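Listed below are the residues making up each chain.
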Amino acid sequence: MDLTLRIWRQADGDAAGAFAVYAIAGINPDMSFLEMLDILNEQILADGGEPVEFESDCREGICGTCGVVVNGIPHGPEKATATCQLHMRKFHDGDTVTVEPWRATAFPVLRDLVVDRSALDRIVEAGGFITAPTGAAPDANEIPVPKEAAEASMDAAACIGCGACVAACPNGAAQLFTAAKLAHLDLLPQGQAERFRRTEAMVDRMEDYFGSCTNHGECEEVCPKEISIDFIAMMNRDYIRAKFKNLRRLGQRKVG
Amino acid sequence: MPVSSDVTLDPKVPPGPIEDKWATHKFDMKLVAPHNKRRFTVIVVGTGLAGAAAAASLGELGYNVEVFTYNDSPRRAHSIAAQGGINAAKNYKNDGDSVYRLFYDTVKGGDFRAREANVYRLAEVSVDIIDQCVAQGVPFAREYGGLLDNRSFGGAQVSRTFYARGQTGQQLLLGAYQALARQVAAGMCRLHTRRELLDIVLKDGRAVGIVCRDLVSGAITRHSGHAVVLATGGYSNAFYLSTNAMYCNVTAAWRAHRHGALFANPCFTQIHPTCIPASDEFQSKLTLMSESLRNDGRIWVPKDPEDTRPPDEIPETDRDYYLERRYPAFGNLVPRDVASRAAKREVDTGHGVGSLGNGVYLDFGDAISRLGADTIGERYGNLFEMYERITDENPYVVPMRIYPAPHYTMGGLWVDYNLMTTVPGLYAAGEANFSDHGANRLGASALMQGLADGYFILPYTIGDYLAGQLGESTVPTDDPVFAEVETDVSDRVARFVGNGGTQSPDHYHRALGKVLWDSCGMERGREGLEKALAEIPAIRDEFRKNVRVPGTAESLNSSLEKAGRIDDFFGLAELMCRDALLREESCGGHFRVEHQTDEGEALRDDENFAHAAAWEWQGEGTEPVRHTEPLDFEHVQLTQRSYK
Ligand SMILES: Cc1cc2nc3c(=O)[nH]c(=O)nc-3n(C[C@H](O)[C@H](O)[C@H](O)COP(=O)(O)OP(=O)(O)OC[C@H]3O[C@@H](n4cnc5c(N)ncnc54)[C@H](O)[C@@H]3O)c2cc1C
Ligand code: FES
């Protein structure tokens, strides 16, 4: 198939970007979207230009490295599919395809389609862990975890941290990412001891970087792992409880 | 074979009965007192299972840890893609598993080319890994009673594999990443993301630091430490097409090798039997379908190579279930190397299926009629979906097509019992070392080894080395040893960017991959290897002359990143072929056509090759020197593997 590609080109974070238009021919429908971009880059390089910078590592939909906005939709038209798992058979001969980087204040563009998503790591550093020093753990079967709890936790833990939820949100909020991270740990017995401290710290850190959620639900729509926005409700409820609990703890502390 | 005199391969295996070696050694090693730990800086390169676990544990102990990864986040390391599971000798199933059995299976599965003492320790700490991961919140699969579920994996005759749906690697890595994040927050670990190690710095023969490139700004940076850990993964991408992530490369290990770290058993590579066959020449990587599929799927090809009927129209009598036929005891569950070679034989004799004739069928028809589509969906639903997304074919209806692909590398930097390379102060962990898997790795054992190295071995053994350096400060980064390496690195970068040239880096990577796959892939023959040894340097010279790296060195430039990685793959590829050529036997993943039984099975030569081969760099264009570490098998008796 033959396509026209409109691709966002931007030399670096400070440069102004613009769309460049490329024609590409003879694309095999069984090819992945990123393989199509590989071919485009071979073509650009042969013509003496600079290839379009984009990121991908696993190309299996699990590492969360890839991610571009295809025709206005983060990760493109196929539901529950990361960009690297999108195939050209979802497009038609003659289509014009627009490709842009994630657009969000918290994700500055580094070059072309590559953005900086490290703010997501900062949220995890605020408390997205269980304090379990190496070597101190009891026998694994001493903590029975109901199958349903393990499954629900896994539903949240499946998040690949790609940032599509942020890119899709009109406010550039990271609620779905943060809620998934929290639910992964908070749904397990091992996660209870730090649950409320974790919730408050992660939500507060999130708000340092990201916009606020106004319940658009766009995030769930584009999530390649179909993470449910129900986790956001759980996070919000826990956050309010955390504020009270943590305040109470503060009140019991000796002052002066 | 010439042997240079000044390298001694001392595996430093502690004395005593195998069951007690690790405990005794832990007691005998020197300790660093808690208040002294913060005086030491450890550099950890890599944030996969091995690197993240090591960094987090070292930080927790109180060391200053500088952590490096070329990924944009530590959580994205290649480990994330592991699907099937992780082994541990917990014997939760009461089916006769034990530390000794896991040890035994690993030595035997590795075709008797691993160091017994290391493998025993691996089996021993395997049980702690599961405890650690559960405490961290890894959501392993559970039974209804809330206890951990296990499955049998990769042909093991006990159920010792722990798993989290089809995303075990992801969940284990998130556990290690979270532990690392905790240490970052505590100020013990400092993260350097999008930072690629381009060389190692030595002073007076010891590893004292690294030189990196900031992949966004292009700046070359220097970092100093008391010890350096390379947890930089495997080198399957030397083949171009493999199941590894796109960025995986050998640069860190290869640069260490050039500085005197011996590289062991480079020809020991694992070809995984169940991957989706390539669909065209632009294929950028191959996708693995979990080995667990072989528990219920049956592998077959049409008996008649001319048979072009769609699979559902081929009656039972015209199908050849060749694994079940040739290996009645293990059937579809024979080890990876055996299954892969058998598939290659079918395709090579014209029995391949699919439009390119490059696959064999993995058929769930029987399992679905026996257990129902629901049960099969419960077991493999996400894998079936992934397969359909890629191939547009529904495996509930049409048999899957599979073919072997490069997947894992057992070879790597030679390390002693302490995981130290032949360069003092330089350690290698995870897939980057020549590891505990001998000539063939068992399924679900790489995750186990990476986490064993990172959580439970390095944190002890590094202390022993550091204790001897108390009072010494790190080498300042303005020391001439750093300047010299930096100049070298900058020159190399500048050469690529200013090269002119007409062909993309990938063009040469594909060319190298083809030579390597044809000569040093599933089967190796003298003639092919000798030819490859002539071809590889020729392609490398052509690459250096004619590769085109557009853009500048002072910006994000993926062509430049690729060019440097490919340059190092050339050197490694040559070493792989040389190693394969000199290992005149077949063992595990190394199958020399000249050394097989009448029935076409691998023929080991224990008399002459019961050793690890460790290569010493002598400069480009000069033949490296082959050293050997003899392997003694005191506990597991040397036998011919038989799966019939
Ligand atoms: C598809 C697939 C499925 C698998 N499934 C299983 C399974 O079910 N069970 C199992 O046991 N094993 C499995 N394996 C194997 C296993 O995943 C790997 O062997 C293991 O995860 C390797 O971990 P590691 O920590 O050694 O390295 P990696 O995870 O490869 O990490 C390497 C790290 O080093 C960094 N790095 C490398 N070079 C540099 C450099 N020059 N500068 C800076 N940073 C650098 C990278 O950024 C990365 O952080 C699978 C492998 C594949 C490909
Ligand atoms: S490249 Fe890993 S999720 Fe797409």
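Residues numbered from 1 in each chain as written. Chains lettered and ligands numbered in written order. Predicted model: local features only at pLDDT ≥ 70, side-chain atom pairs only at ≥ 80, totals over all residues. Heavy atoms only, no water.

> Describe the confidence of the model for chain B, and please don't skip the residues or the numbers.
A low pLDDT score tells you not to read the predicted coordinates there in detail. Confidence in the prediction for chain B averages 95 pLDDT; 99% of positions are at 70 or higher. Across the interface, the model reports ipTM at 0.97; the global pTM reads 0.97. (pLDDT = per-residue confidence, 0-100.)

> Report on the site of ligand 1, specifying residues and quantitative values.
All names here are of chain B. Taken together, 36 residues sit near ligand 1, with S79, G84, L197, E431 and L447 positioned nearest. Within the backbone of A50, an N or O atom sits 3.0 Å from an oxygen atom of ligand 1. Between ligand 1 and the protein, one listed contact pairs an oxygen atom with a side-chain N or O atom of T69 at 2.8 Å. When ligand 1 sits alone it has 1000 Å² of accessible area, and the protein chains cover 99% of it. Contributions of two or more residues to the shell around ligand 1 are made by α3 (49–61), β6 (195–203), β15 (400–409) and α12 (446–467). Residue classes in the shell around ligand 1 are distributed as 15 nonpolar, 17 polar and 4 charged. (Near = heavy atom within 4 Å. Polar contact = N/O pair within 3.5 Å; in protein donor to acceptor, adjacent residues only side chain to side chain. Areas by Shrake-Rupley, 256 points an atom, 1.4 Å probe, with all protein chains shown as cover. Helix = DSSP H or I, 4+ residues; strand = E, 2+ residues; numbered from the N terminus. Nonpolar A, V, L, I, M, F, W, Y, C, P; charged D, E, K, R; others polar.)

> Break down the sheet that holds strand β8 (residues 220–224) of chain B for me, with residues and values.
Residue and element names in this part refer to chain B. The sheet built from 3 strands is open, its strands ordered β6-β7-β8 with antiparallel pairing. Only two strands of the sheet have a single partner each, and these edge strands are β6 and β8. Neighbour-to-neighbour, the strand axes of the sheet open up by a mean angle of 25°, direction not taken into account. Most of the contacts of helix α13 (residues 480–497) go to β6, to which it runs at about 140°, and overall it touches β6, β7 (206–214) and β8. (Pairing = 2+ DSSP bridges. Axes fitted to C-alpha atoms, helices over the stretch in contact; angles between N-to-C directions. Contact = heavy atoms within 4.5 Å.)

> So what about the side chain of S79(B)? Which residues, and what values?
Residue and element names in this part refer to chain B. By the element assignment, S79 lies in the loop between β2 (64–68) and β3 (86–87). With a relative accessible area of 17%, S79 lands in the buried category. At 3.1 Å, the side chain of S79 forms a polar contact with the backbone nitrogen of L49. When neighbours within four sequence positions are excluded, S79 is seen to be in contact with G48, L49, G169, Q170 and L173. (Buried < 20%, exposed > 50% of the residue type's maximum accessible area, 1.4 Å probe, protein only.)

> Tell me about the nonpolar core, and name the residues and values.
With 201 residues, the main nonpolar core has F210(A), I86(B), F140(B) and L230(B) as its most contacted residues. Counting 33 residues, the second largest nonpolar core, distinct from the first, contains L323(B), A343(B), V360(B) and M386(B). (Core = buried A, V, L, I, M, F, W, Y, C linked by side-chain atoms within 4.5 Å.)

> Give me the interface of chain B and chain A: which residues, what numbers.
Tallying the contact residues gives 80 residues for chain B and 76 residues for chain A. The interface formed by chain B and chain A contains 8 salt bridges. E55(A) is paired through a salt bridge with R194(B); the nearest N and O atoms lie 2.8 Å apart. On inspection of chain B and its partner chain A, the count reaches 47 residue pairs in polar contact (both at pLDDT 80 or more). (Salt bridge = Lys/Arg side-chain N within 4 Å of Asp/Glu carboxyl O.)

> Now, about the side chain of D320(B): what can you tell me, with residues and values included?
Residue placement: D320(B) occurs in strand β13 (residues 319–320). Among the polar contacts listed, one links the side chain of D320(B) to the side chain of R325(B), at a separation of 2.9 Å.

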